[in-house]
Amino acid sequence: MKWFVVMLVLGSVAYAQIHVTLEAPPPPTLVVSADVRIALVPGIVVVERVPEPQGILVVYRSSRVAEVYAYHHRDLVARGWTRVKYQTSDGRYKSEYRRGRAKAKLEVRDRRGRIEVRVKEG
């Protein structure tokens, strides 16, 4: 009888599995205009956000300039922008994008532990 109870309990445990699904919230998004938005890089500290004519400047505290550029480039492409121009030099990336007649520019610069990201429309 004890053997039957033990088997019954073990069988019940096998069917009573709990599945937990964790969903990470999307990164915060800054809206520059109806056409241009900028999603902030998760896990990197934002030092300042400065609105500019036709765009925005976001400054991160980091030294991973290539990673920050790649993140913002993927974000723009995911939003429907197509890169039409690309330039790079020591610690500086510049790209131009188009979506129909609309234009956007992305510039990422390394400033000794501070990364400046400029997104402009037009």
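Scope of this entry: the structure provided in the associated data block.

What counts and what doesn't
- Residues numbered from 1 in each chain as written.
- Predicted model: local features only at pLDDT ≥ 70, side-chain atom pairs only at ≥ 80, totals over all residues.
- Heavy atoms only, no water.
- Phe/Tyr/Trp six-rings, centres within 6.5 Å; stacked < 30°, edge-to-face > 60°.
- Helix = DSSP H or I, 4+ residues; strand = E, 2+ residues; numbered from the N terminus.
- Buried < 20%, exposed > 50% of the residue type's maximum accessible area, 1.4 Å probe, protein only.
- Expected span 1.5 Å × (residues − 1).
- 1 Å grid on protein atoms, 1.4 Å probe; cavity = no way out; pocket = protein on both sides within 12 Å on 5 of 7 lines; lining within 4 Å.
- Points joined across faces, edges and corners; volume = space filled by probe spheres on them.
- Nonpolar A, V, L, I, M, F, W, Y, C, P; charged D, E, K, R; others polar.
- Salt bridge = Lys/Arg side-chain N within 4 Å of Asp/Glu carboxyl O.

## Remarks on the packing of aromatic side chains
At step 1: Tallied over the entire structure, the rule returns two aromatic pairs.
At step 2: Relative to Tyr86, the ring of Tyr69 lies with its centre 5.8 Å away and its plane at 45 degrees, an arrangement referred to as tilted. You can see Tyr69 sitting in helix H2 (residues 65–78) and its partner Tyr86 sitting in strand E5 (residues 82–89), a full 17 residues away along the chain.
At step 3: For Tyr86, a relative accessible area of 40% puts it in the partly exposed group.
At step 4: On the numbers, 4.9 Å between centres and 15 degrees between planes, the contact of Tyr69 with Tyr93 is stacked. On the criterion of sequence distance, the pair formed by Tyr69 in helix H2 and Tyr93 in strand E6 (residues 92–99) is long-range, its members being 24 residues apart.

## As for H2
At step 1: The end-to-end C-alpha distance of H2 is 20 Å, a good match for the 20 Å that 14 residues give at a rise of 1.5 Å each.
At step 2: Every buried residue of H2 is accounted for by Val65, Val68, Tyr69, Tyr71, His72, His73, Asp75 and Leu76.
At step 3: Once H2 finishes, Gly80 follows within two positions and takes phi at roughly 100 degrees, a positive value.

## Looking at the layout of surface pockets
At step 1: Counted as a void, the largest pocket has a volume near 210 Å³.
At step 2: Lining the largest pocket are Lys85, Tyr86, Gln87, Lys94, Ser95, Glu96, Lys105, Leu106, Glu107, Arg118 and Lys120.
At step 3: Listing elements by their share of the lining of the largest pocket, those giving two or more residues are E5, E6, strand E7 (102–110) and strand E8 (114–121).
At step 4: Classifying every residue of the lining of the largest pocket gives two nonpolar, two polar and seven charged.

## Thoughts on the pattern of salt bridges
At step 1: Inspection of every chain in the model, using the stated rule, returns eight salt bridges.
At step 2: We note a salt bridge from Arg118 to Glu52, for which the minimum N-O separation is 3.1 Å. One end of the pair, Arg118, is in strand E8; the other, Glu52, is in strand E3 (residues 45–52), and 66 residues separate them in sequence.
At step 3: On the basis of relative accessible area, Glu52 is assigned to the buried category, the value being 18%.
At step 4: Arg92 is the partner of Glu107 in a salt bridge, and the nearest nitrogen-oxygen pair spans 2.9 Å. One end of the pair, Glu107, is in strand E7; the other, Arg92, is in strand E6, and 15 residues separate them in sequence.
At step 5: Taking relative accessible area as the criterion, Glu107 reaches 17% and is therefore assigned buried.
At step 6: Exposure remark for Arg92: the relative accessible area of 26% places this residue in the partly exposed category.
At step 7: Ionic contacts of the salt-bridge type, sharing partners, join the residues Glu52, Arg111, Glu116 and Arg118 into one network.

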